[in-house]
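Chains, contacts and geometry: an overview
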Amino acid sequence: VNALSNLAANEFEFDGIKCASMEGLLQSFKFADRGKQLVFCSMDGLDAKMLGRSGNGWKKTQLLHWNGKPYDRHGEDYQKLLDRAYGALSENMQFQRALLLTGGKTLTHRLGGDDASKTILTSDEFVSRLMKYRLVLQHRRTT
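My aim in this report is to walk through the structure given alongside it, one point at a time. Keep in mind the model is a prediction, meaning the values are calculated, not measured.

As a further point, take the packing of aromatic side chains. To describe a pair of aromatic rings, one takes the distance between the centres and the angle between the planes. The tally for this structure, following the rule as stated, stands at five aromatic pairs. Seen in terms of ring centroids, Phe-14 and Trp-66 are 5.5 Å apart; in terms of plane orientation they differ by 40°. Their pairing is tilted. With a gap of 52 residues between them, Phe-14 in strand β1 (residues 12-14) and Trp-66 in strand β3 (residues 63-66) connect regions that are remote in the sequence. We note that Phe-14, like Trp-66, is buried.

A separate point is unusual backbone geometry. Excluding glycine, a negative phi dihedral is what most residues carry, and trans is how most peptide bonds are arranged. We note that Gln-62 has phi near 60°; this positive angle belongs to a residue other than glycine. Residue placement: Gln-62 occurs in the loop between α4 (58-61) and β3. A positive phi is found at Asn-67, a non-glycine position, where the angle reads about 55°. Note that Asn-67 resides in the loop between β3 and β4 (69-72).

The next subject is the nonpolar core. Core analysis: the largest hydrophobic core is formed by 34 residues, its most contacted members being Phe-14, Leu-25, Phe-29 and Trp-66. Taken together, the elements giving at least two residues each to this core come down to β1, β2 (17-19), α1 (22-28), β3, α5 (76-89), α6 (93-100) and α7 (123-142). Once residues within four sequence positions are removed from consideration, Leu-25 is found in contact with Phe-12, Phe-14, Cys-19, Cys-41, Trp-66 and Ala-85.

Glancing now at α7. Counted at 1.5 Å a residue, the expected span for α7 with its 20 residues is 28 Å, and the 29 Å between its end C-alpha atoms agrees. For α7, the set of buried residues is Ser-123, Glu-125, Phe-126, Val-127, Arg-129, Leu-130, Tyr-133, Arg-134 and Leu-137.

Before going further, it helps to examine the pairing of β4. Direction of pairing for β3 relative to β4: antiparallel, over a ladder of four bridges. For Trp-66, the partnering residue across the bridge sits in β4 and is Lys-69.

With that settled, the discussion passes to the packing of α5 against α7. For the pair α5 and α7, interaxial distance at closest approach is 10 Å and the crossing angle is 50°. Comparing their axes, α7 and α5 come out oblique. In this structure, α5 crosses over α7, and the sense of that crossing is right-handed. Residue-level contacts link Gln-79, Leu-82, Asp-83, Tyr-86 and Gly-87 of α5 to Glu-125, Phe-126, Arg-129, Lys-132 and Tyr-133 of α7. Taken together, the residues that form the contact of α5 with α7 break down as four nonpolar, two polar and four charged.

Conventions used here
Residues numbered from 1 in each chain as written. Predicted model: local features only at pLDDT ≥ 70, side-chain atom pairs only at ≥ 80, totals over all residues. Heavy atoms only, no water. Phe/Tyr/Trp six-rings, centres within 6.5 Å; stacked < 30°, edge-to-face > 60°. Helix = DSSP H or I, 4+ residues; strand = E, 2+ residues; numbered from the N terminus. Buried < 20%, exposed > 50% of the residue type's maximum accessible area, 1.4 Å probe, protein only. Core = buried A, V, L, I, M, F, W, Y, C linked by side-chain atoms within 4.5 Å. Contact = heavy atoms within 4.5 Å. Expected span 1.5 Å × (residues − 1). Pairing = 2+ DSSP bridges. Axes fitted to C-alpha atoms, helices over the stretch in contact; angles between N-to-C directions. Parallel < 35°, antiparallel > 145°, perpendicular 65-115°, else oblique. Left-handed = near helix turned anticlockwise from the far one by under 90°. Nonpolar A, V, L, I, M, F, W, Y, C, P; charged D, E, K, R; others polar.

Now the structure itself:
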């Protein structure tokens, strides 16, 4: 698995919760139950993705959850949650190295969907955060 993939085993801490992969955290957003969220956060990416398919009830309500708070999938608060999540992931050294190795290349992602009402993370949301945090890391290196 590519080190930049959400499926990669890039451990990080988010809001005091240890996450084994970004995919685990993202899949946890589908569930309001805190216990389920913690289980997903502890999972590697592929297992989380497979088990997360059971949580597609959010598509009817378009609500995702974190830390007891509901998030409108199409709202600004959810985008801020994603920003914070990728900011936390960007503290992982393996992820940092892989992201910095991309230099100034344009990043793309062809596997994800583009319809926000059907996916918890669109291709554009994913790539834009990679590009954003690559700039942050590059800036840190030069200052």
